[in-house]
Amino acid sequence: MKVYVLAFLSVVAPMRPLRIEAASVSASSSENAAAFPPANVADGDPATRWSSAFGDDQWLIVDYGAERDIVGITLHWEAANAQRYAVEISSDSQAWHRVYQQNAGRGGVEDLYFGRQRGRYLKLHFLQRATSWGYSLWEVVPRGLDEEIVLTASLAAPGSQAENVLDGDPVS
C-alpha cells in the first residue's frame, strides 16, 4: 500500500535579529588558549575564533548570565567543522536537555532552529570531526524570540508535527 500526503507548509520568518549577549564561555579544550580562546565565539567579531584540541569528544558552553528564550543558533565555522554534534540547553549547567542533533554537518554557516527553549546555558557537544583538525568556530549566534520561526501544516501524519522539519532529524 502506498500512502501519499499532500500538505501545505507555511513559515512565518523573523524580520530582524536581537543580539543576546554572553556572560562567559568555557570549553573542554583550546588548541591555543591565548590565540583562540572560547570567548571568541561570542565576542561579535567575525575575525576571531575558538579552536579546540585535535580530538572528537569536545564541548563548548555559553553562559548567558540569566535564563533566556532561545529558538535557535547560527554557527559560523572555520574550515575545521563538526560532522556530528548536539545542541543542549540547561538552566543550571548540570541537567542538560538535547534540543538538536546534527549527524551530517556541512560547515560554513549553519542555521539551526529548534523551537522555543528556555535556559541560561547553551552547550555544543561535538561528537565527530569532519577534518583531522579539532573544531573551530568564528561565532555562535543565539536566536531569540524575535527570530522565532512558526510552522504550521495543513495536514500531518499521525504523531508528526510541522516543526519537526527543523529538528535536524531526517526520520522525524
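All values derive from a computational prediction rather than experimental measurement.

Cut-off values and rules
Residues numbered from 1 in each chain as written. Predicted model: local features only at pLDDT ≥ 70, side-chain atom pairs only at ≥ 80, totals over all residues. Heavy atoms only, no water. pLDDT = per-residue confidence, 0-100. Helix = DSSP H or I, 4+ residues; strand = E, 2+ residues; numbered from the N terminus. Contact = heavy atoms within 4.5 Å. Buried < 20%, exposed > 50% of the residue type's maximum accessible area, 1.4 Å probe, protein only. Pairing = 2+ DSSP bridges. Phe/Tyr/Trp six-rings, centres within 6.5 Å; stacked < 30°, edge-to-face > 60°.

Engineer: Can you tell me about the confidence of the model for the chain, naming the residues and giving the values?
Structural biologist: Across the chain, pLDDT averages 83, with 73% of residues at or above 70. Across the chain, strand S5 (residues 82-90) holds the top mean pLDDT of 98, while strand S1 (residues 9-12) sits lowest at 45. For residues 1-17, every residue scores under 50 in pLDDT, and the model assigns this stretch 29 contacts once sequence neighbours within four places are set aside.

Engineer: Let's hear about the pairing of strand S8 (residues 136-143): which residues, and what values?
Structural biologist: Summarising burial for S8: seven of the eight residues are buried, a large majority. Here strand S3 (residues 50-51) pairs with S8 via two bridges, running antiparallel. Considered in S8, the bridge of Trp50 is made with Leu137. The pairing of strand S4 (residues 58-77) with S8 spans six bridges and is classified as antiparallel. When the sheet's bridge partners are listed, Gly72 is paired in S8 with Arg143.

Engineer: Lay out unusual backbone geometry with the relevant residues and their values.
Structural biologist: Here Ser93, not a glycine, exhibits a phi torsion of approximately 65°, which is positive. Its place among the elements puts Ser93 in the loop between S5 and strand S6 (97-102). The partly exposed category is assigned to Ser93, whose relative accessible area is 26%.

Engineer: Would you mind going over the pairing of strand S7 (residues 109-129) in detail, with residue names and values included?
Structural biologist: Relative to S7, S4 is paired through 14 bridges, and the arrangement is antiparallel. In the sheet register, Ile70 faces S7, and the bridge partner there is Gln117. Bridging between S5 and S7 involves eight bridges; their strand directions are antiparallel. Among the inter-strand pairings, Tyr85 is bridged to a residue of S7, identified as Phe126.

Engineer: Residues and numbers for the environment of Ser26, please.
Structural biologist: If you trace the backbone, Ser26 turns up in strand S2 (residues 24-27). Along the primary structure Ser26 and Asp63 are separated by 37 residues, whereas in three dimensions their C-alpha atoms are 8.3 Å apart. Here Ser26 is in contact with Pro38, Trp59, Leu60 and Ile61, once residues within four sequence places are set aside.

Engineer: An account of the packing of aromatic side chains is needed here, citing residue identities and associated values.
Structural biologist: Scanning the model with the defined rule gives six aromatic pairs in all. Relative to Phe126, the ring of Trp50 has its centre 5.8 Å away and its plane inclined at 25°; by these criteria the two rings are stacked. Here Trp50, found in strand S3, pairs with Phe126, found in strand S7; they are 76 residues apart in sequence, far enough to count as distant. Comparing Trp50 with Phe126 shows no difference in burial state: the two are buried. Taken together, a centroid distance of 5.3 Å and an interplanar angle of 90° make the contact between Phe54 and Trp133 edge-to-face. With a gap of 79 residues between them, Phe54 in the loop between S3 and S4 and Trp133 in the loop between S7 and S8 connect regions that are remote in the sequence.

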